[in-house]
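# Architecture at a glance
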Amino acid sequence: MKIVVLVKQVPDTAEERKLDLATGQLDREAADSVVDEINERALEAALRIKDANKGTEVVAMIMGPDDATQSLRKALSMGADSGVHIVDDSLDGADTGRTAATLAAALKATGFDVVMAGNESTDGRAGVVPAMVAEHLQLPLLGSLISAEIADDGVRGVRQGEGGTLNVRAGLPAIITVTERFPEARFPNFKGILTAKRKPVTRLSVAELGVPTGASRTVVVSTVERPPRAAGRKLIDDGTAADELAEFLVANRLV
Amino acid sequence: MSNVLALIEVSHRGEIAASARGLLAAAATLGSPVAVVVSSAPLADDDVARLGELGAARIYSAVTAAAGTVLVAPAVDALSGAVDAYGPAAVLTANSVDGREAAARLAVRVGGSVLADVVQVHSDNGTVVAQHSVFGGAYTVESMVEGGLPLLTIRQGAIEGQAPAATADVDTVSLEARTEGAAVIDQFNDDAAVSVRPELRTAATVVSGGRGLGSSENFVLVEQLADTLGAAIGASRAAVDAGYIAQTAQVGQTGVSVSPQLYIALGISGAIQHRAGMQTAKTIVAINKDEDAPIFEVADFGIVGDIFTVVPKLIEAVKARSN
């Protein structure tokens, strides 16, 4: 069983994230870059399958600038067997369509039985790339799962729908995306960190993948920053604060 | 006027999803709304009338045995058929689990591009312009598609108002039930208890609890205030991680984003992740023991105090004033 986990390097959500107001693109200097936590949960799910079945191969795949190697190294130190880094200046600011076309080409080149990803990144939050990849590759997608079982004859899982959950299944190869209901990722141990340095990482360019180099077709027209919220009244409770708050709510027609 | 498709989701029990109103309202601002519906039997007269009330000028009713047994693929096939039939200026879906997967696959199939999690739309000389609220409302970004069909996933509850009512013409089309390349649905499990409280995403008032509650038993304090105010219940990630409440209540960057008229944060320190999910609320109230809690930086009304003494008094005071 070969599982490819899609990982994304994103600005740390614990810091103030910024957009470049001129381009509408992410300001990469503003916050530290980390592996998106939802992808770490996907990786954890893949590694648990590998823990139970040593014949499983786990590949971490990332598309991003040069420094995304750090995120790939973290995935390797957690236990992925190898990494694929799609890196190309022409991919700067790629939209979901270009991203998906590029990932699909790379997945075809790498080969897989299962592709695992997070259901949505914490930066773009579009949640469409895995479904686009599935359409490119004409594969079933089990998206937004809260649990999954992966076996040689197929995948099944529970999907979080709008009014309840659904039991879903598909044959292999297939793509699945995980939600936050999946377990948290393990920490890399010392041995993992040491061995990560010796694990193979393949670098792929757009030319090698044979995907068009054209610009993204979704264009940012304007980007406006909301003025920061000003703090209002702050009371230290001396026994009357609840009454004052009730007055405030009534005066502002909020109750 | 150009056609604009709106994918209307229907639950497995046959109910038209609540997202239909906003989708048709957004479609009407861009052109003539065409509701695309997938079902296993031809649409009932009631459903046709309801979609007309919500503004559908036309209904593309795709009938297929695969509805309800094959995941998302029937919706993509139906949308793709409707794109061929109507040559639309845009396709709208809800930014729901199904809606965004359908939009994503359709984009690849018809050579379009997705504008995701849209909170407002308008037409600029025939070009569809979408507005997004990014990083928890810290930025407002407008985007468009250059060449190719724009597919917009519309944030649920973001579009206000309703399209003018219409009498919908129905085009019924029978779709082949294809399963290759798709996932199969074995079973639907409905949410066990349908809460009498408002839905978190669209509630006018939200009361959220944080780690300051201290235990899942104490979380009842949040419920009591919420019920006094007719509010939905939210929580910080810390409260969810501590097991006080289900993850579906989590407000924040990695949970639900809310934009209510009133947001009350109880025992929530206000990490950036949490603030990203609630700082577009009209009015923010925070009660917390820690005077330096960052939540006070965004609160319109902050009380430094013990939630276990302040909140019961607040409940009494609100009840007294509403009598």
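Above this text is the structure in question.
Now for a description of the structure that goes with this document. (Residues numbered from 1 in each chain as written. Chains lettered and ligands numbered in written order. Predicted model: local features only at pLDDT ≥ 70, side-chain atom pairs only at ≥ 80, totals over all residues. Heavy atoms only, no water.)

## Section: the packing of aromatic side chains
All names here are of chain B. Taken as a whole, this structure holds 3 aromatic pairs over all chains when the rule is applied. Considering the side-chain rings of Y60 and Y86, the 5.9 Å spacing of their centres and the 80 degrees angle between planes classify their relative orientation as edge-to-face. In this pair, Y60 is assigned in strand β3 (residues 58–63) and Y86 in helix α3 (residues 73–86), connecting sequence segments 26 residues apart. Y60 gets classed as buried once you look at its relative accessible area, which sits at 6%. With a centroid separation of 6.4 Å and 75 degrees between ring planes, the pair formed by F135 and Y139 is classed as edge-to-face. Judged on exposure class, the residue F135 and its partner Y139 are both buried. (Phe/Tyr/Trp six-rings, centres within 6.5 Å; stacked < 30°, edge-to-face > 60°. Helix = DSSP H or I, 4+ residues; strand = E, 2+ residues; numbered from the N terminus. Buried < 20%, exposed > 50% of the residue type's maximum accessible area, 1.4 Å probe, protein only.)

## Thoughts on the environment of B:S39
Residues and elements named next belong to chain B. Take S39: it is sitting in strand β2 (residues 32–39). Note on S39: relative accessible area 12%, which makes it buried. The spacing of S39 and E9 is 30 residues in sequence and 9.5 Å in space, taken between C-alpha atoms. Look past the residues within four positions of S39 in its chain and what remains in contact with it is A62, V63, T64 and A67. Of note is the side chain of S39, whose polar atom sits 2.8 Å from the backbone oxygen of A41. (Contact = heavy atoms within 4.5 Å. Polar contact = N/O pair within 3.5 Å; in protein donor to acceptor, adjacent residues only side chain to side chain.)

## What to know about helix α1 (residues 37–52) of chain A
Each α-helix winds once per 3.6 residues, and so residues spaced three or four apart point in a common direction. Taking 1.5 Å as the rise per residue, α1(A) with 16 residues should run 22 Å; its terminal C-alpha atoms sit 23 Å apart, in good agreement. Where α1(A) is concerned, the buried positions are A:I38, A:N39, A:E40, A:R41, A:A42, A:L43, A:E44, A:A45, A:A46, A:L47 and A:K50. (Expected span 1.5 Å × (residues − 1).)

## Here we look at the side chain of B:S61
Inspection of the secondary structure puts B:S61 in strand β3. With near-sequence residues (within four places) excluded, B:S61 lies in contact with B:V37, B:L43, B:V170, B:D171, B:T172 and B:V173.

## Here we look at the environment of A:P65
Residue and element names in this part refer to chain A. Note on placement: P65 falls in the loop between β4 (57–63) and α2 (69–78). The class of P65 is partly exposed, set by a relative accessible area of 27%. In this structure the C-alpha to C-alpha distance between P65 and H85, which are 20 residues apart in sequence, comes to 9.0 Å. Ignoring any residue separated from it by four or fewer positions in sequence, one finds P65 in contact with R28, H85 and V87.

## Considerations on the packing of helix α5 (residues 220–229) of chain B against helix α8 (residues 307–322) of chain B
Residues and elements named next belong to chain B. Two elements in contact, α5 and α8, have axes separated by 10 Å at closest approach and are oriented at 20 degrees. With respect to α8, the axis of α5 lies roughly parallel. Every pair of crossing elements has a handedness; the one defined by α5 and α8 is left-handed. For the pair α5 and α8, contact is made by L221, Q224, L225, T228 and L229 and by I307, F308, V311, P312, L314, I315, V318 and K319, respectively. By residue class, the composition of the contact of α5 with α8 is 10 nonpolar, 2 polar and 1 charged. (Axes fitted to C-alpha atoms, helices over the stretch in contact; angles between N-to-C directions. Parallel < 35°, antiparallel > 145°, perpendicular 65-115°, else oblique. Left-handed = near helix turned anticlockwise from the far one by under 90°. Nonpolar A, V, L, I, M, F, W, Y, C, P; charged D, E, K, R; others polar.)

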